[in-house]
Each structure stands twice: as C-alpha cells, then as structure tokens.
Amino acid sequence: MEGYVVFVVVLVLSGGRAEYDELHCPYFSRVTPAEPTNSPYWADPELRPNSPAPQTLASHLAPPPKSCPPDHTPCSTTHPYRTLSGRCNNPAHHILGASHQPMSRLLPPAYDEALMRTRGADGCLLPNPRQVSLQVRHGPVRLQRHFSTLFMQVGQFVDHDLTHVHTLDAAMQSGECGDCASWQNPICLPIPVPANDTYIPATHADTGRRKCLPVVRSLGTWLPDRTGRNILQHINRNTAFLDLSTVYGSDSCRGRQVRAWTGGLLNETNGLPPLVNGSNFVECRMPGGMCFLTGDDRANEQLGLTVVHTMYLREHNRIASNLSDLNPHWDDERAFQEARRINIAQYQKMVYTEFLPHLIGRRKMRVMGLDLLTEGYFESYDRFTNPSLMEEFVTAAFRVGHAMIPAHLLLLDHAYRPLSALPLVPTFHNPSALLQEGAFEKLLRGMIRARMEGVDMKLSDAILNHLFERPNNSHSGQDLMAINIARSRDHALAPYLDYLNLCEGINATSFSDLKYRLQPAALLTLQATYRDARDVDLIVGALAENSKRRTMVGPTMACIISLQFLYLKKGDRFWFENAAAGFTEAQLASLRRSSLARVVCDSLRGSDARAPMRALQAQSSSNSPRSCGYLPGTDLSLWKEEEGARATARRSCDTQFTFNPLLGWVTQTCT
C-alpha cells in the first residue's frame, strides 16, 4: 500500500521480560492447536493452549481513504474563524490538531505480538480482559453525593468532541470480530467468555460453540515518532480542539449536512436534531430506521448523550437567531460563524471552570496553569505545543467517565419532581424516547437532579454486562471494562506502574510499593487479578488509586488529564481567551460570565424554565433551581454592529513569534 512500510511483526520482549517457553507458560504453544478458538493475545481463561499470533502487517491496520475530500484551501493567519477540520489553526504546522491525524504518546508503545501489548513481566500472556473485569468489579466502591448525572454526560460529550478513534466500520457492522476464531483476521481481537462467567454464557445456546466478546482493532499509520522509531500511530477522526465538532462536524461534508443555510441556523426539527436514514450510521435501532444527525454519529449511542447534543444545537440556534435580529444586514455565513464562535467560547469556559476543577482538583488546575484569566487576553499561545490527543488520555485516562454512568435516566416535571425513570440499556442506539412531547426537558431536568456514580473499578451493570445489548436478546451485551482493557493493549499502552512512576517521580515495581496509594481492598483485588504489579493495565490501576480531597480521580489520571488539557489550551490559536479568537475585551468579559446553567436553562423551553446555578453539582438548599433571568449568561447585545461597520475594538495581532524565557515561544504580538 502506497505510503506504508511493509513490516512483518516479530516477537520483541522488552523491559527485561523473561524468555517464555512451554514449561514457563503452560498455556502457550508454538504450534497451532487443534482448537482455533483460543486467542493468541491473552491467557485463555481455562488455560488451554493459545494459538500463535497471525502475521500482522502495518498495512492490515491502515485506515481506508477519507470519505470526504480533504480541504486544500490555502491557510491564512488573517482568516477570522476556525475551519471545521481544524486545519490552519497552527500558522506554521497546518495539520496539527486537525481531523484524521495521528495521536501522540506520553510513553513509547509496549509492543509484543502484532503491534500490541500482550505479555506480562514474566513473558507470559496477560490475563483475559473479561476475566480482569469480572474480578476488579468486586473492588471497593466509592460513593459520591455532590455531582449530578449531567456531570458524567457532559464528560462523554467532551470526550466525543475530542476523540473518535478510527476503526473499520464495516467490521463493526458485520460483527465479524465476534466469532472466537476471528483472531486470525488481523483486525479482530475477540475476548473469550470464561466458563465461570455468571453474567454472560460462555457458549452459544443454539450451537454450543464458545462465545466471545467482539473487539475491532483501531486503525493507524506506520510513521516515525519523535525519536525516529517507527510505530503504529492511531488516527483521530475528530479535531483535537475543544471546538464542538460534536455539533458542527469535523469536516466540510458533515458541516454542510448539519446547516440550515439560512439565518446562520443549524438544521433542527421541533427543537431536535433532524432524522436521517439509519444506513448513515454504524448502528441505528430507532423505529422506522431513522436516527438523529449531528456533528458526530455517536450522538445516538444512548439517550442521555443525545440530550446534551440537543442542548448545544438549541444554544447555537438561539445565539444565531439573536445575532440575526441584532444585525439584519448579516448574511447566513456571518451569522453562523459568529454564533459558532460564541457557542464554542461558552463551552470552553464551562469545561475549564465547571467540569475540570471538580474532576482533577483546583490545586492541579493551578499548578498546571489551567485556571482561566479574570480579565484581558491570554498571550501564551505556543505554536510548538502539539494539541493532538495522547493515546494514554484517549484509551485510558479520560475513560474515567465510564465509572460514572448510571443504570437509569430520570424524568422530572417543570418543578423538578420525579415522573418516571428509563433504564439505560433499551436506549442504546435508540434515543427515540426523545421524540415524545416534552421529553427533552424532562430528561435534562432528570440529569440535573440525579446523582452520578462514584469513580471506582465497579462500573454499572448496564455497561458491564449489557452494553449495546440488542432488544429481545438478553445475552448479546458487551462489557465496557473488558473492551477498555483490550483497547489499551491494542494501542500498546505501557503498564500502569510506568505512568505512575512517570507522573509521581518514583520507582514503584511491586504491589508492596502501592500500599499507601491504594485502599487495602483495592490492592488485594489487583493482587488477585494480576501475577505481577508490573502487569496492571493503566485503566485498572488508575481507577484503583485513592483520589485526593476534592478530586474525583487519583494522581495518575489527574496527571494525564491535566497535561492533555494544558496542550489543548496552549496549542489552540483560537482559544477563546486569545486575541486571535476575535472577541473585543467587552465581549470576552461577558463570555467569562457565561455558565452551563444558563445554557441549560435557555434550552429548557417554556416561560417557567429553571435550573440550578451550578448545573453539574447536586441540588441543595444553596443550589436550587432558579429562573433563567437570575443565571449569569453572555450579553449578545455586545455583538450588535452598524451596517457596513466591523468591530473596531478588537486588537490586531501579527504573526511574529518571540521567545520568553518563562513562557517559551509566544505569539500574538498585539497592538
């Protein structure tokens, strides 16, 4: 395949791993066993001989051609708006942070077989991901009373804005990776269900054949990393920026589809995203074969996520309508771009002031320079900062939100009184409940009122055993924890201890080194699951960590997440506090007064709409619902322009780069 080095993977053991043999690893065989359903990638649950890994070429995991023609428009530093694809954000390196670009890494990949991490410190295969999931779910449970389900749902929305790892959609649609023998296809990583699994049958009831959970491998490009070593760099379909690609799309094709092309508006039908033919999606289970079209296909994954997509769709159209009323001389393009810019700015502000501080802690925010300014412009944009998403963030750290997912969604009336509850499972790929009159408002109020789950190793049963379960097929569900573990090994993430040592500056090598960082019950759970502390998967070890006071995550997750959000802020030329974002000082001051509560409240249609001031926090006597007029928001009258005039109060910025010994390379020399 043109542009790819033909590379045959051979077994490479690194980090001092012992040479394995049949005596040392009795479940490993150098010859293909008679039973072809035994995966070569993880220890067989019944310790039956494993198959040797298939020959894997980098070209097997190469992404298909882009369905949308690439944008080759010349980049200009004078263009006032972000591109949908993220191109041209960086004036020197035009594709940094753009869609369909490789992700970066904190640590080099830990390759064993087939461009994966498969082996433990002793050289033997790592435990089966489903088996790990079954064991760690018995670890200690953390209760939390301070945050709403909306916190979790906003987190998933942010995650989908930032990342969409490239996989082979055709393989997902066909289910070809669900057969236990499908490991012979280099794109498949089926996970055998253990015989002692009390939740999912180990065999198919109709055939008696062994049952496996399907996993499709991520796709990537064989390229040199920053050290010059060739590695498989996985592809992010989305832009890396916090730019609401969930609403607007990450390429011009989706961007055209979601727009109404009048008044700067996005397409909507009765306040909801438009319905389109389900064949446009990897999976669509809504009655009539229609699903909602937004900037990201995953909006239909589950009902709560569709609600947040709808909220930001409504917010864009509210802003665009107001701007068009204030400036009737603006054409559709101007109204759309200005509304998009304001919507993104409010969203960025919310993430860094309402979401992140509670996730990683205010101290971490301060130490990492993530706090926002209270006045003036941010002048530390760095063209040498790579905003691309890190593998460790995408594949492990930011999956912390999976631990927060509830099993049910509440519906509340206008006074925030309970009406009913919907189980989450039937809404997978089927958010049709949103079509009922007033359902959006009832569901959004429910997410504000309900408490999210605490962050620990025990995920909700809805996603541990019933993820994407099909109607009338009680054993068709998947296990999100097992998939997370398999995905981290698919992406060749180093073990948990490597990241703990990197972040904390220590040299932990054994379970005894973790006794002050994990609860005793959590440590015992890991010891019962892994043969060696050096084998623990990043997602598992990070979830097991003790969280510090007023944070939701432990130090390793906080380290990776904070570093990623620092790159997203410093590496975004159009970051809302930057002069290049195009806001006057008065407009920027008003945006700083915006809040998620006001966005929520404005999307709750009706004269009696109310929301608590701190929408992501649990309701209390000091955080009870109040009318929209009492909630801080952006003053759109500051965008009123006289016909024929452009905003003159904006500072003009050239593209010179200067070196500051404290801040590094700094742009935006402004006048």
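Residues numbered from 1 in each chain as written. Predicted model: local features only at pLDDT ≥ 70, side-chain atom pairs only at ≥ 80, totals over all residues. Heavy atoms only, no water.

(A) Region of interest: the overall build of the protein chain. Within the protein chain, the regular secondary structure consists of 18 helices and 13 strands. In terms of overall dimensions, the protein chain is globule-like: its C-alpha atoms have a radius of gyration of 25 Å, near the 26 Å expected for 671 residues. Of all 671 residues assigned to the protein chain, the portion counted as buried reaches 60%. Of the contacts made within the protein chain by residues no fewer than 6 positions apart, 72% connect residues no fewer than 24 positions apart. Looking at the protein chain, you have 67 positive and 65 negative side-chain charges, and the mean spots of the two groups are 5 Å apart. (Helix = DSSP H or I, 4+ residues; strand = E, 2+ residues; numbered from the N terminus. Rg over C-alpha atoms; globule rule 2.2 N^0.38 Å. Buried < 20%, exposed > 50% of the residue type's maximum accessible area, 1.4 Å probe, protein only. Contact = heavy atoms within 4.5 Å. Lys, Arg positive; Asp, Glu negative; His and termini not counted. Charge placed at Lys NZ, Arg CZ, Asp CG, Glu CD.)

(B) Structural context of the sheet that holds strand S5 (residues 230-236). Reading across the sheet, the three strands line up as S1-S5-S4 and stay open at both edges, with antiparallel pairing between neighbours. Each of the sheet's edge strands pairs with one partner strand only, and the pair in question is strand S1 (101-102) and strand S4 (220-224). (Pairing = 2+ DSSP bridges.)

(C) Region of interest: the state of the cysteines. Inspection of the entire model under this criterion finds eight disulfides. Linked covalently through their sulfurs, Cys 177 and Cys 188 form a disulfide whose S-S length is 2.0 Å. Disulfide Cys 177 to Cys 188: torsion about the S-S bond roughly -70°, handedness left-handed. Here Cys 177, found in the loop between helix H3 (169-174) and strand S2 (191-192), pairs with Cys 188, found in the loop between H3 and S2; they are eleven residues apart in sequence, far enough to count as distant. One exposure class covers both Cys 177 and Cys 188, and it is buried. (Disulfide = S-S within 2.5 Å.)

(D) Inspection of the layout of surface pockets at higher detail. Approximately 760 Å³ is the volume found for the second largest pocket. Lining the second largest pocket are 30 residues, and of these Lys 548, Arg 549, Arg 550, Thr 551 and Met 552 sit closest to its centre. Looking at the lining of the second largest pocket, the elements that each hand over two or more residues are helix H7 (332-360), helix H8 (362-367), helix H13 (496-504) and helix H16 (555-570). Of all the elements, H8 adds the most residues to the lining of the second largest pocket, at four residues. Here the residues of the lining of the second largest pocket sort into 13 nonpolar, eight polar and nine charged. (1 Å grid on protein atoms, 1.4 Å probe; cavity = no way out; pocket = protein on both sides within 12 Å on 5 of 7 lines; lining within 4 Å. Points joined across faces, edges and corners; volume = space filled by probe spheres on them. Nonpolar A, V, L, I, M, F, W, Y, C, P; charged D, E, K, R; others polar.)

(E) Spotlight on the environment of Thr 529. Take Thr 529: it is sitting in helix H14 (residues 520-529). Separated by 394 residues in sequence, Thr 529 and Gln 135 have C-alpha atoms that sit 6.4 Å apart. In contact with Thr 529, not counting residues within four places along its chain, are Pro 127, Val 132, Gln 135 and Val 136. Reaching out from Thr 529, the side chain makes a polar contact with the backbone oxygen of Thr 525 at a distance of 2.7 Å. (Polar contact = N/O pair within 3.5 Å; in protein donor to acceptor, adjacent residues only side chain to side chain.)

(F) Structural view of the pairing of S4. Relative to S5, S4 is paired through five bridges, and the arrangement is antiparallel. The partner of Gly 220 across the bridge, within S5, is His 234. What sits between the antiparallel neighbours S4 and S5 is a turn of five residues, in which Gly 228 has the positive phi angle 95°.

(G) The arrangement of the packing of H7 against H16 in detail. Between H7 and H16, the shortest axis-to-axis distance is 10 Å and the interhelical angle comes to 160°. In terms of axis orientation, H7 runs roughly antiparallel to H16. For the pair H7 and H16, the crossing hand works out as left-handed. Residue-level inspection shows Val 351, Tyr 352, Leu 356, Leu 359 and Ile 360 of H7 in contact with H16, the latter providing Ala 558, Ile 561, Ser 562, Phe 565, Leu 568 and Lys 569. Across the contact of H7 with H16, the residue classes break down as nine nonpolar, one polar and one charged. (Axes fitted to C-alpha atoms, helices over the stretch in contact; angles between N-to-C directions. Parallel < 35°, antiparallel > 145°, perpendicular 65-115°, else oblique. Left-handed = near helix turned anticlockwise from the far one by under 90°.)

(H) Expanded view of the packing of aromatic side chains. Enumeration over the complete set of coordinates arrives at 16 aromatic pairs. Geometrically, the ring pair formed by Phe 157 and Tyr 347 is edge-to-face, given 6.1 Å between the ring centres and 90° between the ring planes. Placement of the pair is Phe 157 in helix H2 (residues 149-162) and Tyr 347 in helix H7, with a sequence separation of 190 residues. Judged by its relative accessible area of 0%, Phe 157 falls in the buried class. (Phe/Tyr/Trp six-rings, centres within 6.5 Å; stacked < 30°, edge-to-face > 60°.)

(I) Inspection of the nonpolar core at higher detail. Core analysis: the largest hydrophobic core is formed by 163 residues, its most contacted members being Leu 150, Tyr 312, Leu 359, Ile 561 and Phe 565. With 14 residues, the top contributor of residues to this core is H7. Apart from residues lying up to four places away in sequence, Phe 565 is in contact with Val 158, Leu 162, Leu 242, Val 351, Tyr 352, Leu 356, Leu 370, Phe 393 and Phe 398. Listed in part, the 13 residues of the second largest apolar core include Tyr 111, Leu 115, Cys 177 and Ile 187. (Core = buried A, V, L, I, M, F, W, Y, C linked by side-chain atoms within 4.5 Å.)

(J) Structural detail: the confidence of the model for the protein chain. Across the protein chain, the average pLDDT comes to 89, with 90% of residues at or above 70. This model gives residues 647-671 a pLDDT under 50, and the stretch forms 58 contacts once residues within four places in sequence are excluded. (pLDDT = per-residue confidence, 0-100.)

(K) Geometry of unusual backbone geometry. Non-glycine residue Asn 270 carries a positive phi angle of around 55°. Note on Asn 270: relative accessible area 72%, which makes it exposed. The phi dihedral of Ala 492 is positive, around 55°, even though this residue is not glycine. Mapped onto the secondary structure, Ala 492 falls in the loop between helix H12 (480-490) and H13. Since its relative accessible area comes to 0%, Ala 492 is described here as buried.

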